[in-house]
Amino acid sequence: MHNKDELLSIGEMSKFTGVGIQALRYYERINILKPVYVDTDSGYRYYEPEQAANINIISTCVELNIPLKELVELFDTENVMLMQEFFERNRQVAEQKLIAINTMRNLANKALGRIESNKTYEFGQIYEKEFSEKTYYLKPCGHSLENKNREKLLMDFEKEIKADLMGHFESGTFVESIYESMVLMEYGFLCKHSGAGEQYFTFGEVPSSLKSEQTLTTSPGVFKFIKSKNSIVEAAPDIFRKYLGGGDSYMVIEVEEMMSGMAKISEPIYELRLVPLQVL
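Now for a description of the structure that goes with this document. (Residues numbered from 1 in each chain as written. Predicted model: local features only at pLDDT ≥ 70, side-chain atom pairs only at ≥ 80, totals over all residues. Heavy atoms only, no water.)

1. What about the layout of surface pockets?
A water-sized probe, rolled over the atoms, reveals where empty space remains.
Next up, step 1: Within this model, the largest pocket holds a volume of roughly 400 Å³.
Next up, step 2: Contributing to the lining of the largest pocket are 22 residues, with Arg114, Lys134, Glu186, Glu205 and Arg273 lying nearest its centre.
Next up, step 3: Every element with two or more residues in the lining of the largest pocket is listed here: α5 (80-118), β4 (126-131), β5 (134-142), β7 (197-206), β10 (250-257) and β11 (269-276).
Next up, step 4: No other element matches the five residues that α5 contributes to the lining of the largest pocket.
Next up, step 5: Class assignment of the residues belonging to the lining of the largest pocket gives a composition of five nonpolar, six polar and 11 charged. (1 Å grid on protein atoms, 1.4 Å probe; cavity = no way out; pocket = protein on both sides within 12 Å on 5 of 7 lines; lining within 4 Å. Points joined across faces, edges and corners; volume = space filled by probe spheres on them. Helix = DSSP H or I, 4+ residues; strand = E, 2+ residues; numbered from the N terminus. Nonpolar A, V, L, I, M, F, W, Y, C, P; charged D, E, K, R; others polar.)

2. Re the sheet that holds strand β9 (residues 221-228)
Next up, step 1: The strand order across the open sheet built from eight strands is β4-β9-β11-β10-β6-β7-β5-β8, with neighbouring strands paired in antiparallel fashion. Of all strands in the sheet, those with a lone pairing partner are β4 and β8 (215-218), marking the two edges. Averaged over all pairs of adjacent strands, the angle between their axes in this sheet comes to 35°, without regard to strand direction.
Next up, step 2: In this sheet, β7 lies alongside β5 in antiparallel orientation, the contact comprising seven bridges. When the sheet's bridge partners are listed, Leu138 is paired in β7 with Phe203. (Pairing = 2+ DSSP bridges. Axes fitted to C-alpha atoms, helices over the stretch in contact; angles between N-to-C directions.)

3. As for the pairing of β10
The side chains of a regular strand alternate, first on one face of the sheet and then on the other.
Next up, step 1: Most of β10 is tucked away, with eight of its eight residues classed as buried.
Next up, step 2: Here β10 shows a buried face lined by Tyr250, Val252, Glu254 and Glu256 and a second buried face lined by Met251, Ile253, Val255 and Glu257.
Next up, step 3: Across six bridges, strand β6 (residues 187-194) lies against β10 in antiparallel orientation. Pairing of Leu190 across the sheet is with Ile253, part of β10.
Next up, step 4: As paired elements, β10 and β11 share eight bridges and run antiparallel to each other. The partner of Val252 across the bridge, within β11, is Leu274. (Buried < 20%, exposed > 50% of the residue type's maximum accessible area, 1.4 Å probe, protein only.)

4. Remarks on the packing of helix α1 (residues 10-17) against helix α2 (residues 21-29)
Next up, step 1: Two elements in contact, α1 and α2, have axes separated by 9 Å at closest approach and are oriented at 110°. With respect to their mutual orientation, α1 and α2 come out roughly perpendicular. Judged by residue contacts, Ile10, Gly11, Met13 and Ser14 of α1 engage Ile21, Leu24 and Arg25 from α2.
Next up, step 2: For the contact of α1 with α2, a count of residues per class yields four nonpolar, two polar and one charged. (Parallel < 35°, antiparallel > 145°, perpendicular 65-115°, else oblique. Contact = heavy atoms within 4.5 Å.)

5. Quick notes on α1
Next up, step 1: Regarding α1, the residues found buried are Ile10, Met13, Ser14 and Thr17. All buried residues of α1 project into a common sector of 105° when viewed along the axis, lining one side. Along α1, the residues that are exposed and aim more than 90 degrees away from the buried face are Lys15 and Phe16.
Next up, step 2: Note on α1: the residue one or two positions beyond its end, Gly18, has a positive phi of about 80°. (Arc of directions from axis to C-beta.)

6. Some words on the pattern of salt bridges
Next up, step 1: In the structure shown here, the tally under the stated rule is 14 salt bridges.
Next up, step 2: A salt bridge links Glu128 to Lys224; the shortest N-O distance between them is 2.9 Å. One end of the pair, Glu128, is in strand β4; the other, Lys224, is in strand β9, with 96 residues separating them in the sequence.
Next up, step 3: Overall, the relative accessible area of 48% leaves Glu128 in the partly exposed class.
Next up, step 4: A relative accessible area of 25% places Lys224 in the partly exposed class.
Next up, step 5: Among the salt bridges present, the one from Glu271 reaches Lys227, with a minimum N-O distance of 2.5 Å. (Salt bridge = Lys/Arg side-chain N within 4 Å of Asp/Glu carboxyl O.)

7. Focus on the sheet that holds strand β1 (residues 8-9)
Next up, step 1: Pairing within the open sheet is antiparallel, and its three strands lie in the order β1-β3-β2. Either end of the sheet is taken by a strand with one partner, and the two such strands are β1 and β2 (37-38).
Next up, step 2: As defined by bridge partners, β1 adjoins strand β3 (residues 45-47) across two bridges and the pair is classed as antiparallel. When the sheet's bridge partners are listed, Leu8 is paired in β3 with Tyr47.

8. Considerations on empty space enclosed by the protein
Next up, step 1: With the rule as written, the count across this model stands at one cavity of 30 Å³ or more.
Next up, step 2: In this structure, the largest cavity encloses a volume near 50 Å³.
Next up, step 3: For the largest cavity, the full set of lining residues is Phe131, Ser132, Lys134, Tyr136, Thr218, Phe223, Ile253, Arg273 and Val275.
Next up, step 4: Those elements that provide at least two residues to the lining of the largest cavity are β5 and β11.
Next up, step 5: Class assignment of the residues belonging to the lining of the largest cavity gives a composition of five nonpolar, two polar and two charged.

The values reported here are purely geometric and, on their own, carry no functional implication.
This is the structure we're talking about:
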């Protein structure tokens, strides 16, 4: 026999847990959370305060899309092994959900930061700012981009980069790192200039933990850059001529930006950076 004064009404339990009354009634109908006492005259339902812990578990399962039928047997038994199996089985589900949440948070932060930052720049003007260290995964695409389908080069590279990286890193490390890095990652064309000529690459940004023979890391520094509505990577020697000091060894990185805040989402803009080789 329960002391009703020590129980919580369905309304009180709803306020205490933040779970709606209709949801609590639904949990009762599917037999995963029954009130410990129902007043036969009024039909009011009452719960023990300790049942709030089960409600929290139910709410978490709803958030993670874990079938609630898994909880029926779990709540009807005191078998510790069943409890252990349940949490071991669903821990990975929670970890994947966390990756998705972090990915969306990083996406929002990067997109908003990019949009706000680009409001201060005009096309065709050379600016300078401080850039953080970047690690880029590279694929050679020749000594010139002339007569090449640039869009196809970038699209093919985007498809290939995951497969290429999978061959160098354990799958667990790869999945966590690549999901983090692929959120509004920098990608585009990179060109190394030297006395021997130019060498072009497609590139995609990856976490520094994925450095390999196929990656290049730039040191942090203050670099010149210019924004454009069209790709201008091949015109870099003329654009940056007065900043080269007569030298012929340097690198340019042209990032193709989406969600820039300066054009339609379907119309990317381009940021071309001058990176002296001595800072690499």
